[in-house]
Amino acid sequence: MVAAENPTGNPRTPKYIRGKRGIVGLVHGVLENVRDHRGIHQPLYTVRFDLSEVSTCHDQDSIWVDVHEEWLSGVRPDS
Amino acid sequence: MSGKHGHKPFEGHMHDYEAHIKAVEEDLEYYRAKRFEPRIFYLLRRGVVTFSDLLKARMALKRKNKFFKPRKPQGKNIEARVRYLEEWLDEYVKGIALVSAHAVESMDMVTEDNRKERGDYDDFFKLKKKEHHGTLERRMVNLEQDLKDYQELLEVFIQALINRGWSTRNELEQRWKQLHEERPWAGGVIVAKAWTDPEFKQALLTTGREALREMGVHQGKVGKLVVVENTDSVHNVIVCTLCSCYPYDILGDTPWWYKHESYRTKIVQNLRACVEEMFQLKIPASKEVQVYDSTSDVRYFVLPQRPAGTEGMSEEKLAKLVTVDSLIGAGYALEPSQQKESEKFGATPEAPRVRPD
């Protein structure tokens, strides 16, 4: 589950997935990217959302978005 | 060089002048309002340079000290004039790279500062982009004036940095030279190898940049690289809805439409219609489309499917079938017949420009 808002979290979390539920697809861990930003963000995940969840499209397509840990809650291992 | 910025989906030839001009207009405003001027604001706010520095630098700026030496178009016909504008834009983009954060280390600015400054997270800060109207002739005249004006500010800014001691003319001249060195485009080479070498493909899909190092290809250093594979059941599309993150360190200059707001919003709102409208690509209903929204720490590109009828082709030939669009998911790799066709018309899209870091 992605938080609806998170003023201190990484601002690079697109608005359209905020408050939405997704499935973790890739686990990247902590990435260092010193040219891009200062400091180090929390671990990064690529999360899969049904496109129908985030837009008006009604089909089988999906969107995969990189989200840092501080935006996520209820991350569980795959059953 | 020519047409590097004129790249348009499915088209690299010069027949459609309007498309070339549109690409220059879009790119020029993008680089001014997103890459260059926000940087000035950032440094002005912190007193790294001041308005008076700029005024003084303008007064002292001598013609011989300008980095960009304009030359006349190679002819009066429209094609020569379009190329001239494209070359000029290319010089402008290089000029911005010349004063980028990592070039002038002591300015201590990272990409994220620039994103904040240009309003990626807050519309209040957005710089208005100029709109372009009128006949093609009018638009070309306007573009020439804009390029001249924007270039002037850039030269003044560079001079102000030198005057303030943030860099020296020598350092900048050396870097300016480096920026003009041609670098090969790796996109086609990487994909062709992945099509012919299963081991490499596996490594590319699982380790990204590591696999490129083995191959001796320039591996860049802009974030983690993830390569996603197109299959019979999955078609991948890459976007950056927040700005324009792209593995430009490997794939070269970003196509203008990738940075354009229409692509960045429509691809989420109405994916299949967007792809069909913008790129004339109809993705079969049987395929799942997976969109990857890049957010700077990870950069993505697509490994397109190997086209039919390419059995036994050499890596070198296969590399020519790989288009920029196919690496973003806005197209498929060309079939050999399509590639021959475009070669016949002299319409082979040129590889994008890869700039040194």
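Bear in mind that the values here come from a model prediction, so they are computed numbers and not experimental data.

A. Local environment of the overall build of chain B. Scanning chain B for helices and strands turns up 16 helices and four strands. Each of the 357 residues in chain B was classed as buried or not, and the buried ones make up 39%. Partitioning the intrachain contacts of chain B with sequence separation of at least 6 by distance along the chain shows that 75% fall at a separation of at least 24.

B. Spatial organisation of the overall build of chain A. Scanning chain A from N- to C-terminus turns up one helix and three strands. Listing every helix and strand of chain A by position from the N terminus yields β-β-α-β. In terms of overall dimensions, chain A has a C-alpha envelope of 40 × 25 × 20 Å along the principal axes. In chain A, the proportion of contacts linking residues at least 24 apart, taken out of those at least 6 apart, comes to 47%.

C. Quick look at the pairing of strand 3 (residues 62-68) of chain A. Where burial is concerned, most of strand 3 of chain A is hidden: seven out of the seven residues are buried. Neither face of strand 3 of chain A is left uncovered, since the one carrying Ser62(A), Trp64(A), Asp66(A) and His68(A) and the one carrying Ile63(A), Val65(A) and Val67(A) both have all their residues buried. Both strand 2 (residues 44-50) of chain A and strand 3 of chain A contribute to a ladder of seven bridges, which runs antiparallel. Counted as the bridge partner of Phe49(A) is Ile63(A) from strand 3 of chain A. Summarising the sheet, strand 3 of chain A and strand 3 (residues 288-293) of chain B pair through four bridges and their orientation is parallel. Its bridge partner being in strand 3 of chain B, Trp64(A) is matched across the sheet by Tyr292(B).

D. Broad picture of the pairing of strand 2 of chain A. Residue and element names in this part refer to chain A. The buried fraction of strand 2 is high, at five of seven residues. Sheet topology places strand 1 (residues 23-29) next to strand 2; five bridges connect them, and they run antiparallel. Its bridge partner being in strand 2, Leu-26 is matched across the sheet by Thr-46.

E. Representation of the interface of chain A and chain B in the model. At the junction of the two partners, chain A supplies 24 residues and chain B supplies 23 residues. Going through the elements one at a time, helix 1 (51-54) and strand 3 of chain A are the ones with two or more residues in the side of chain A that touches chain B. The element contributing the most residues to the side of chain A that touches chain B is strand 3 of chain A, with five residues. Residues that form the side of chain A that touches chain B fall into these classes: eleven nonpolar, seven polar and six charged.

F. Examining unusual backbone geometry more closely. Residues and elements named next belong to chain B. Phi at Gln-280 takes a positive value of approximately 50°, unusual for a residue other than glycine. The topology assignment puts Gln-280 in the loop between helix 13 (271-279) and strand 3. Its identity is not glycine, yet Ser-296 carries a phi of approximately 75°, on the positive side. Of note, Ser-296 is situated in the loop between strand 3 and strand 4 (298-303). We classify Ser-296 as buried; it has 23 C-beta atoms within 10 Å.

G. View of the nonpolar core. Residue and element names in this part refer to chain B. If you look at the biggest cluster of nonpolar residues, it comprises 92 residues, and the most contacted ones within it are Leu-85 and Val-291. Considering each element in turn, this core owes the most residues, ten residues, to helix 5 (residues 136-163). If sequence neighbours within four positions are ignored, Leu-85 has contacts with Val-24, Met-140, Leu-143, Glu-144 and Leu-147.

H. Main features of the domain arrangement of chain B. Residues and elements named next belong to chain B. Each assigned domain of chain B is listed here: domain 1 (17-179) and domain 2 (187-344). Taken over C-alpha atoms, the centre of domain 1 sits 29 Å from the centre of domain 2. Domain 1 puts six residues into the contact, and the matching count from domain 2 is five residues. Ranked by residue count, the leading element in the side of domain 1 that touches domain 2 is helix 1 (residues 17-45), at four residues. Among the residues making up the side of domain 1 that touches domain 2, the classes are represented as two nonpolar, no polar and four charged.

Definitions and cut-offs
- Residues numbered from 1 in each chain as written.
- Chains lettered and ligands numbered in written order.
- Predicted model: local features only at pLDDT ≥ 70, side-chain atom pairs only at ≥ 80, totals over all residues.
- Helix = DSSP H or I, 4+ residues; strand = E, 2+ residues; numbered from the N terminus.
- Buried ≥ 20, exposed ≤ 12 C-beta atoms within 10 Å, placed from the backbone.
- Contact = placed C-beta atoms within 7 Å.
- Pairing = 2+ DSSP bridges.
- Nonpolar A, V, L, I, M, F, W, Y, C, P; charged D, E, K, R; others polar.
- Core = buried A, V, L, I, M, F, W, Y, C linked by C-beta atoms within 7 Å.
- Domains from an automatic or database assignment.

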